[in-house]
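# A structural walkthrough
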Amino acid sequence: MIIGIPAEIHSGEKRVAASPDMVAKLVAAGFEVIVESGAGTGANFSDDMFRDAGAAVAKDAGGAWSTDLILKVRPPEFNKELDRHEIDLMSNGAHFISFVWPAQNEDLLKKFTAKKATVLAMDSIPRISRAQKLDALSSMANIAGYRAVLEASHYFGRFFSGQITAAGKVDPAKVMVIGAGVAGLAAIGTAKSLGAIVRAFDTRPEVKDQIQSMDAEFLELEFEEDGTGEGGYAKVMSKEFIEAEMALFARQASEVDVIITTALIPGKPAPKLITREMVESMRDGGVIVDLAAEQGGNCEATKPGKVVNRYGVNIVGYTDLPSRMAAQSSQLYATNIYNLIMEMCQQKDGDIVVDMEDVVIRGATVVNQGEISWPPPPIAVGAERKPSFGGQEIKPEVEEVKVPEVAAKPSEISRFFKSVWFPMILAGLALFGLGQVAPPSFMSHFTVFVLSCFIGYMVIWNVSPSLHTPLMSVTNAISSIIILGALTQISSEVNLIYILSGIAAFITSINIVGGFSVTQRMLQMFRG
């Protein structure tokens, strides 16, 4: 089978559906690959790199489109230079893999049916565990979330992190991320790494732990409603929830410096979450990065593909954030496509089989041999590929053994051993036994040691986490009380003891000075 990789003609698109590394793997799997000349230029992949990987380079689009399997990033569109639609360049019965967005491109599906094509949409890959390595949406969303923070920092024009300088104190930027999917979590991680204070909101309660694990604040509504939709996406919420949500965003908009919105609901226009009044309430110099701009945007003032300034706030509506990191995006996307092809080419013989019994392949297939097969049937929870060998399903012979049901009731003794009293009694007996054999001086010292451990634990536990570093530096200095022991022995007549005492005094003095020095520098960061 011959694979064609044409250049992207969509305005501003720099990605390519293959990387030289992926081409080499496809050639090793028995495929022939033809790449249109200049297809990888935007991603810094030269024609020579593809040739070295084993691909042939076609002079024009026709050479790449007239193959058995075409790989693209963007859906096919009208080619003004050739005065023809890209689908018209396809051979009858060819296979096609790309982002297709079947819910928004009904006419495109009809064009594919006229060519008797088989089309697999990378945006329709089911979100199940086995398909994670094929999930191009997550790959691109991860890059978009990262890039969104970089764009925000560019237009913000100030530090994201807080700093103490000779010229004064700089407060850290406050960032609010709406939507904690893949893009949102990537934005949270990037903003935190730049030193910003990050707050995040999502309608799905299960992402709360993920947000907090990244040291961001989860903005929670006192409203009981689960926003988890089909496939892990968000769903449309009730009117009452939306009103409470909008009130929350209005309060936050007046406080934060940067807002990054990622809210999308599959098959529907992007919900409007940031009103013009919220934009007006933001501080001058604030930034809104709208990752949902291509679907209309989450902000009422968003202009898809443009950056506009409203009320002193820059609103970034770029629709090509992954393309702005074309080399990385192309590499990840190419890997997703390669994994999909390998799912259909188990024998690695240079040919693919579209198995409509496989839940992953069935979910991705939107047109099958000229017949529209989208939308796919719902996937049963826990659906996985059936084990097979040589195309035949393997049915393991397992003898069913019936085990009599016995109600296991824990005994009183087992409950006692699992209770908190058992270790306490053991510890008490151990201390009693130790007191019988140890000298009185040891027990007095041991009692002081236990009490000091308890007091130290309580002191540390009740201190705010933000003060742990200065507190640790103070205790580090105080712990260097060992210098007193060195000073008492430094006048020893034994040369070895004299030398060791001098070394100990020198080292612990460094520890003391350094501990208090770090403490003072750290505490300066918390003073207004």
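Residues numbered from 1 in each chain as written. Predicted model: local features only at pLDDT ≥ 70, side-chain atom pairs only at ≥ 80, totals over all residues. Heavy atoms only, no water.

### Quick notes on the overall build of the chain
Applied cut-off: Put simply, DSSP H or I for four residues or longer makes a helix, DSSP E for two residues or longer makes a strand, and each gets a number counted from the N terminus. Classification of residues uses two cut-offs on accessible area relative to the type maximum, computed with a 1.4 Å probe and protein chains only: under 20% is buried, over 50% is exposed, and between them is partly exposed. By definition in these notes, contact holds between two residues if any of their heavy atoms fall within 4.5 Å. Note on areas: Shrake-Rupley with a 1.4 Å probe; residue coverage comes only from the protein chains shown.
Across its full length, the chain carries 17 helices and 21 strands. Counting only residues that meet the buried cut, the chain has 40% of its 528 residues in that class. Of the contacts formed within the chain by residues at least 6 apart in sequence, a portion of 66% connects residues at least 24 apart. For the chain, the accessible surface area stands at approximately 29,200 Å², while carbon and sulfur atoms represent 58% of it.

### What to know about the sheet that holds strand β2 (residues 32–36)
Stated formally: Pairing between two strands requires that DSSP report at least two bridges joining them.
On the basis of which strands lie adjacent, the open sheet formed by 8 strands has the order β3-β2-β1-β4-β7-β8-β18-β19 and mixed pairing. Sheet topology places β3 (56–58) and β19 (371–372) at the edges, where each strand pairs with a single neighbour. In this sheet, β3 lies alongside β2 in parallel orientation, the contact comprising 3 bridges. Residue pairing in the sheet places glutamate 36 in a bridge with alanine 58 of β3.

### Topic: the pairing of strand β11 (residues 174–178)
The condition that has to hold: Here the term right-handed applies to a crossover when the path leading from its first strand over the helix to its second strand runs clockwise, the strands being oriented away from the viewer.
Of all 5 residues in β11, 4 are buried, a share of seventy percent or more. Where β11 meets strand β12 (residues 197–201), 5 bridges bridge the pair, whose relative direction is parallel. Bridge pairing in β12 links isoleucine 178 to phenylalanine 201. Taking the sense of rotation as the criterion, the β-α-β connection linking β11, helix α6 (residues 182–193) and β12 turns out right-handed. For β11 and strand β14 (residues 258–261), the ladder comprises 4 bridges, and the chain directions are parallel. Bridging from a neighbouring strand, methionine 176 pairs with isoleucine 259 of β14.

### Topic: a nonpolar patch on the surface
In plain terms, the rule: To count toward a patch, a residue needs a relative accessible area above 30% and no salt bridge. Like charges then connect within 9 Å, nonpolar side chains (Val, Leu, Ile, Met, Phe, Trp, Tyr) within 5 Å. Salt bridge, as used here, is a side-chain nitrogen of Lys or Arg placed within 4 Å of a carboxyl oxygen of Asp or Glu.
A cluster of nonpolar side chains, contributed by Ile490, Val494, Leu496, Ile497, Tyr498, Ile499, Leu500, Ile503, Phe506, Ile507 and Ile510, occupies part of the molecular surface with about 1,100 Å² of accessible area. Within the secondary structure, isoleucine 497 sits in helix α17 (residues 495–524).

### What about the nonpolar core?
What counts here: In plain words, nonpolar cores are sets of buried Ala, Val, Leu, Ile, Met, Phe, Trp, Tyr and Cys residues tied together by side-chain atoms within 4.5 Å.
Counting 49 residues, the largest nonpolar core has Ile5, Leu71, Ile97 and Ile341 as the members making the most contacts within it. Elements that contribute at least two residues to this core include exactly β1 (2–5), α1 (20–28), β2, β4 (69–71), α5 (136–156), α10 (326–344) and α11 (359–364). Sorting elements by how many residues they give to this core places α10 first, with 9 residues. When residues no more than four places from it in sequence are discounted, the contact partners of isoleucine 97 are Leu69, Ile70, Leu71, Lys72, Leu120, Met122, Ile337, Leu340, Ile341 and Met344. Counting 31 residues, the second largest nonpolar core, distinct from the first, contains Ala196, Val198, Val258 and Ile260.

### Digging into the environment of glycine 12
For glycine 12, the position within the fold is in the loop between β1 and α1. Along the sequence, glycine 12 and glycine 42 sit 30 residues apart, while their C-alpha atoms lie 9.4 Å from each other. When residues no more than four places from it in sequence are discounted, the contact partners of glycine 12 are Asp320 and Ser323.

### Some details on helix α8 (residues 239–253)
As a reminder of what qualifies: By this rule, a helix spans an expected 1.5 Å times one less than how many residues it contains. As used here, the arc belongs to the directions running from the helix axis to the C-beta atoms.
A rise of 1.5 Å per residue sets the reference length of α8, with its 15 residues, at 21 Å; its end C-alpha atoms lie 21 Å apart and thus fit the reference within 8%. Every buried residue of α8 is listed here: Phe241, Glu245, Met246, Leu248, Phe249, Gln252 and Ala253. Around the axis of α8, the buried residues are gathered within 160° of arc, so they sit on the same side.

### Focus on the pattern of salt bridges
When the charged atoms of two side chains lie near each other, side chains of opposite charge can form a pair. According to the stated counting rule, one finds 19 salt bridges in the structure shown. Between arginine 51 and aspartate 48 there is a salt bridge; the shortest N-O distance is 2.9 Å. One end of the pair, arginine 51, and the other, aspartate 48, are both in helix α2 (residues 47–52), 3 residues apart, so they sit about a helical turn from each other. Arginine 204 is paired through a salt bridge with aspartate 202; the nearest N and O atoms lie 2.8 Å apart.

### Examining the confidence of the model for the chain
Formally: Per-residue confidence from the predictor is reported as pLDDT, a score between 0 and 100.
Per-residue pLDDT for the chain has a mean of 85; in total, 83% of the residues score no lower than 70. With pLDDT under 50 throughout, residues 382–409 is counted as low confidence; its partners more than four residues away or in other chains account for 14 contacts.

### Some remarks on the packing of aromatic side chains
Selection criterion: Planes of paired rings set the category: under 30 degrees apart is stacked, over 60 is edge-to-face and the rest tilted, where pairs are Phe, Tyr or Trp rings (Trp by its six-membered ring) whose centres lie within 6.5 Å.
Scanning the entire structure with this criterion turns up 7 aromatic pairs. Taking 5.2 Å as the distance between ring centres and 40° as the angle between the ring planes, the aromatic pair formed by phenylalanine 96 and phenylalanine 112 counts as tilted. Within this pair, whereas phenylalanine 96 is found in strand β7 (residues 95–98), its partner phenylalanine 112 is found in helix α4 (residues 106–114), the two being separated by 16 residues in sequence. Accessibility expressed as a relative area gives 0% for phenylalanine 112, which makes it buried. Taken together, a centroid distance of 5.3 Å and an interplanar angle of 85° make the contact between phenylalanine 201 and phenylalanine 249 edge-to-face. Residue phenylalanine 201 is located in strand β12, and its partner phenylalanine 249 is located in helix α8; the two are separated by 48 residues in the primary sequence. For phenylalanine 201, a relative accessible area of 2% gives the class buried. On the basis of relative accessibility, which here comes to 0%, the residue phenylalanine 249 falls in the buried class.

### Here's the deal with α10
For α10, which comprises 19 residues, the first-to-last C-alpha distance of 27 Å matches the rise-based estimate of 27 Å (1.5 Å per residue) to within 8%. The element α10 is extensively covered by neighbouring structure, given that 14 of its 19 residues are classed as buried.

### Structural notes on a negative patch on the surface
Note the cut-off: The convention is simple: Lys and Arg are positive, Asp and Glu are negative, and His and the chain ends are not counted. The atoms used to mark charge sites are NZ of Lys, CZ of Arg, CG of Asp and CD of Glu.
Among the surface-exposed residues, Glu32, Asp68, Asp349 and Asp351 lie close enough to one another that they form a single negatively charged patch. Tracing the sequence through the fold places glutamate 32 in strand β2. Judged by relative accessible area, which is 53%, glutamate 32 ranks as exposed.

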